[in-house]
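Fold and contact review
The chain contents come next:
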Amino acid sequence: MDETDLRHLRRAVELAGEALDAGDEPFGSVLVAADGTVLFEGHNEVSGGDGTRHPELAIAQWAASRMPVEERAAATVYTSGEHCPMCAAAHAWAGLGRIVYASSSEQLTAWRESWGLPPGPVRPLPVTEVAPDVPVEGPVPELVLAEGPEAFEELLEAEGVDILAADRPPVV
């Protein structure tokens, strides 16, 4: 993990904040080529009722239709939260390379429980259980501190993300 990785990961967190500001679930992702070129950025767009509108799925679909196999394998996906099983499978099927995420599915599950929210419709599994050959790095302590969501909220606020508007959960 170097400064370039952290810069792209911070951008994914910013995109999650943009999703939240737009009334959507707070997840953001960035696809970066091996040469450092940002190829695709996106955030969750599930508020319209389609629960599959995750940025990681959009990245996999975009990459599969526009990038040669070798370039996909050398690319990195930076994301604010660990891929769900649907997105992890799409990532593997598209032949994308490394995943770097800020917060883990395990952390998100614990946070949701602490906020009194019901579990999601799909069992949260680590990416490595769904796509065992995909290299994965995360969670990233610089962005998600061991103290839990409160510390993460403070970090995001310091970076200018308004996570407390409308009593919403923190960006992940």
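Check the entry above for the structure.
This structure is a prediction, so every number in the text was calculated from the model and none was measured.

Concerning the overall build of the protein
Within the protein one finds 7 helices and 5 strands. Going residue by residue from the N terminus, the α and β elements of the protein occur as α-β-β-α-α-β-α-β-α-α-β-α. Taking all 172 residues of the protein together, the buried fraction comes to 45%. Taking as baseline every contact in the protein between residues at least 6 positions apart, the subset at least 24 positions apart corresponds to 57%.

Describing the state of the cysteines
Across all of its chains, the model carries 0 disulfides by this definition. Free cysteine: Cys84, not disulfide-bonded; nearest cysteine sulfur from Cys87 at 3.6 Å. Given a relative accessible area of 23%, Cys84 falls into the partly exposed group. Classification of Cys87 by relative accessible area gives buried; the value is 0%.

Re the sheet that holds strand 3 (residues 76–81)
Spatially, 5 strands are ordered 2-1-3-4-5 in an open sheet, and the strand pairing comes out mixed. The sheet terminates laterally at strand 2 (38–43) and strand 5 (136–137), the two strands that pair on one side only. Note: strand 1 (residues 28–32) against strand 2, 5 bridges, orientation antiparallel. Across the sheet, the residue bridging to Val30 is Glu41, located in strand 2. Along the sheet, helix 2 (residues 55–66) makes contact with strand 1, strand 2 and strand 3, crossing strand 1 at roughly 25°.

What to know about helix 1 (residues 3–21)
The end-to-end C-alpha distance of helix 1 is 27 Å, a good match for the 27 Å that 19 residues give at a rise of 1.5 Å each. Two to three positions downstream of the cap, the backbone nitrogen of Thr4 sits 3.1 Å from a side-chain oxygen, assigning the N-cap of helix 1 to Asp2.

So, the side chain of Glu82
By the secondary structure assignment, Glu82 is in the loop between strand 3 and helix 4 (85–94). When sequence neighbours within four positions are dropped, the list of residues in contact with Glu82 reads Tyr101, Ser103, Ser104, Ser105, Leu125, Pro126 and Val127.

Some remarks on unusual backbone geometry
Between Gly138 and Pro139 the backbone carries a cis peptide bond, its omega angle lying at -5°. Among the structural elements, Pro139 can be located in the loop between strand 5 and helix 7 (149–158).

Quick notes on the pairing of strand 3
With 6 of 6 residues buried, strand 3 is to be regarded as a mostly interior element. Where strand 1 meets strand 3, 4 bridges bridge the pair, whose relative direction is antiparallel. Each residue of the ladder has a partner; that of Ser29, found in strand 3, is Thr79. Two elements, strand 3 and strand 4 (residues 99–103), share 4 bridges in a ladder whose sense is parallel.

Some thoughts on the pattern of salt bridges
Taken as a whole, this structure holds 6 salt bridges when the rule is applied. For the salt bridge of Glu18 with Arg11, the shortest nitrogen-to-oxygen distance reads 3.2 Å. Overall, Arg11 belongs to the partly exposed group, its relative accessible area being 23%. Here Glu137 and Arg98 are joined by a salt bridge, their closest N and O atoms 2.5 Å apart.

So, how was this worked out
Residues numbered from 1 in each chain as written. Predicted model: local features only at pLDDT ≥ 70, side-chain atom pairs only at ≥ 80, totals over all residues. Heavy atoms only, no water. Helix = DSSP H or I, 4+ residues; strand = E, 2+ residues; numbered from the N terminus. Buried < 20%, exposed > 50% of the residue type's maximum accessible area, 1.4 Å probe, protein only. Contact = heavy atoms within 4.5 Å. Disulfide = S-S within 2.5 Å. Pairing = 2+ DSSP bridges. Axes fitted to C-alpha atoms, helices over the stretch in contact; angles between N-to-C directions. Expected span 1.5 Å × (residues − 1). Polar contact = N/O pair within 3.5 Å; in protein donor to acceptor, adjacent residues only side chain to side chain. Salt bridge = Lys/Arg side-chain N within 4 Å of Asp/Glu carboxyl O.

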